[in-house]
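Chains, contacts and geometry: an overview
Residue-level listing of the chains:
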Amino acid sequence: MHVPEKVAARLQELGAEVRRGVSLAERTSLGIGGTTDEILLRRHESIPQVMRLLADEKIPHKFLGGGTNVLVDDDELPFVVLHLPSTSPGMRVEGNSAYVDAAADLGGTVTFCAKHDLGGMEGLIGVPGSVGGALRMNAGAYGTQIGPHVREVELYRAASGEIETLRGSDISFDYRHTSFATDDVMLRVKLQLPSKPYKEILAGIKVCNEKRRSCQPLNQKSAGCIFKNPPGGSAGRMIDELALKGHRVGDAMVSDRHANFFVNVGHATCADMLQLMDDVRERVRTAYGIELENEVIVWRN
Ligand code: EPU
């Protein structure tokens, strides 16, 4: 979608930069997605005005964080994407609190906190993506979730059209799900973390990295696990038991390392990936009577 020149000029005045014809295949870890204009939100405080302008001009938009858990449709997209600049995001530590910009890399944040002898997030080290995305999805791995560490979140609240600060206790963090609205935009978080010596944290990080490396296809294009685990079960184990590792639709393939990772082995389209997801969902439904729910967020045209 093209942002008209006069709107782009107004956005510029609000500290938001328009980038033309951005390929979302280059912005997402799956390497799939069409093109559209991107609006870089350089000034947090003007976000409410930017949102009002887009609403007035009837320009549909979606917010893109780290792009590691999203499957985007192909071709020209009927919406623009909003993005926070991710170069040199703010991170600071005060006592046991870490104040981190949502655009920061999650792994980088774990390491930064570790260097200040703050632990508790070791399990999250290999989870790709931004802090904002981790908040929205309540990212978790190896027994750690980000939710319990959250004390405050500053965000653009779509319902009020304002920037607000929520207390951690007012947000519900469930398995890969939170009470944030789809169109809320995470801006900053205050995390409360336990003190732990750097060396001990590093040892924990090493264990998690090794576990992850041993069973996940880290060097291939994926969105991490494609389905949520059903209560008490493992999507990966079921798909594996059905001997679907290596199953392909076009260049979309069930990973031969971890069956809940679907990888783009070449030039997979969104349609290929969706077809593969449907095939696998159907096989699991027939064999186990379980309906797998997407973990990946799908942006269809
Ligand atoms: N398994 C298989 N075959 C496979 C994959 C897994 O038999 O191809 C078996 C494993 O041997 C193990 C069980 O299934 O006995 C569980 O596997 P794993 O430990 O890999 O955990 P998972 O339930 O598949 C979850 C998260 C991952 C997270 C890991 C580690 C979900 C959907 N997945 O995977 O998160 O990294 O635990 O904590 O909750 C993600 O959310 O994107 C993600 C990758």
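Residues numbered from 1 in each chain as written. Predicted model: local features only at pLDDT ≥ 70, side-chain atom pairs only at ≥ 80, totals over all residues. Heavy atoms only, no water.

1. Observations regarding the sheet that holds strand S16 (residues 252-254)
Strands sit in the order S15-S16-S17 across an open sheet of 3 strands; the sheet is antiparallel. The open sheet is flanked by strand S15 (248-249) and strand S17 (262-264), the only strands paired with a single partner. (Pairing = 2+ DSSP bridges. Helix = DSSP H or I, 4+ residues; strand = E, 2+ residues; numbered from the N terminus.)

2. What about the pattern of salt bridges?
The full count for this structure, using the stated rule, is 23 salt bridges. The partner of Glu154 in a salt bridge is Arg188, and the shortest N-O contact between them spans 3.2 Å. In this pair, Glu154 sits in strand S10 (residues 150-157) while Arg188 sits in strand S14 (residues 185-192), placing the two residues 34 residues apart along the sequence. Ionic pairing is found between Arg248 and Asp251, a salt bridge with its closest N-O pair at 2.8 Å. Sharing partners across several salt bridges, the network here consists of Glu17, Arg19, Arg27, Glu38 and Arg42. (Salt bridge = Lys/Arg side-chain N within 4 Å of Asp/Glu carboxyl O.)

3. Considerations on helix H1 (residues 5-13)
Among the residues of H1, Val7, Ala8 and Leu11 are the ones counted as buried. Down the axis of H1, the sector holding all buried residues measures 100 degrees, keeping them to one side. The exposed residues of H1 that point more than 90 degrees off its buried face are Glu5, Lys6, Gln12 and Glu13. Buried residues in H1 make contact with strand S1 (16-23), strand S2 (35-41) and helix H2 (47-56). Downstream of H1 by a residue or two, Gly15 has a phi angle that is positive, lying close to 80 degrees. (Buried < 20%, exposed > 50% of the residue type's maximum accessible area, 1.4 Å probe, protein only. Arc of directions from axis to C-beta. Contact = heavy atoms within 4.5 Å.)

4. What to know about helix H3 (residues 106-115)
Residues of H3 that are buried: Leu106, Gly107, Thr109, Val110, Cys113 and Ala114. On an axial view of H3, the arc spanned by its buried residues comes to 160 degrees, and they lie on one face. Packing partners of the buried residues in H3 comprise strand S6 (91-94), strand S7 (97-101), helix H4 (131-137) and helix H5 (198-215). The distance from a side-chain oxygen at the start of H3 to the backbone nitrogen of Gly107 is 3.3 Å, and the residue carrying that oxygen is Asp105. Taken from the residues just after H3, Asp117 is the one with a positive phi, measuring 60 degrees. (Polar contact = N/O pair within 3.5 Å; in protein donor to acceptor, adjacent residues only side chain to side chain.)

5. With respect to the packing of aromatic side chains
Per the stated rule, a full pass over the model turns up 3 aromatic pairs. With 6.2 Å between their ring centres and 75 degrees between their planes, Phe173 and Phe180 make a pair best called edge-to-face. The same class applies to Phe173 and to Phe180, which are both buried. Note on Phe227 and Phe262: the rings are 5.7 Å apart at their centroids and 90 degrees apart in plane angle, and the pair reads as edge-to-face. In this pair, Phe227 is assigned in the loop between H5 and helix H6 (235-241) and Phe262 in strand S17, connecting sequence segments 35 residues apart. For Phe262, a relative accessible area of 0% puts it in the buried group. Residue placement shows Lys62 over the ring face of Phe79; its charged tip is 5.1 Å from the ring centre. (Phe/Tyr/Trp six-rings, centres within 6.5 Å; stacked < 30°, edge-to-face > 60°. Lys NZ or Arg CZ within 6 Å of the ring centre and 35° of its normal.)

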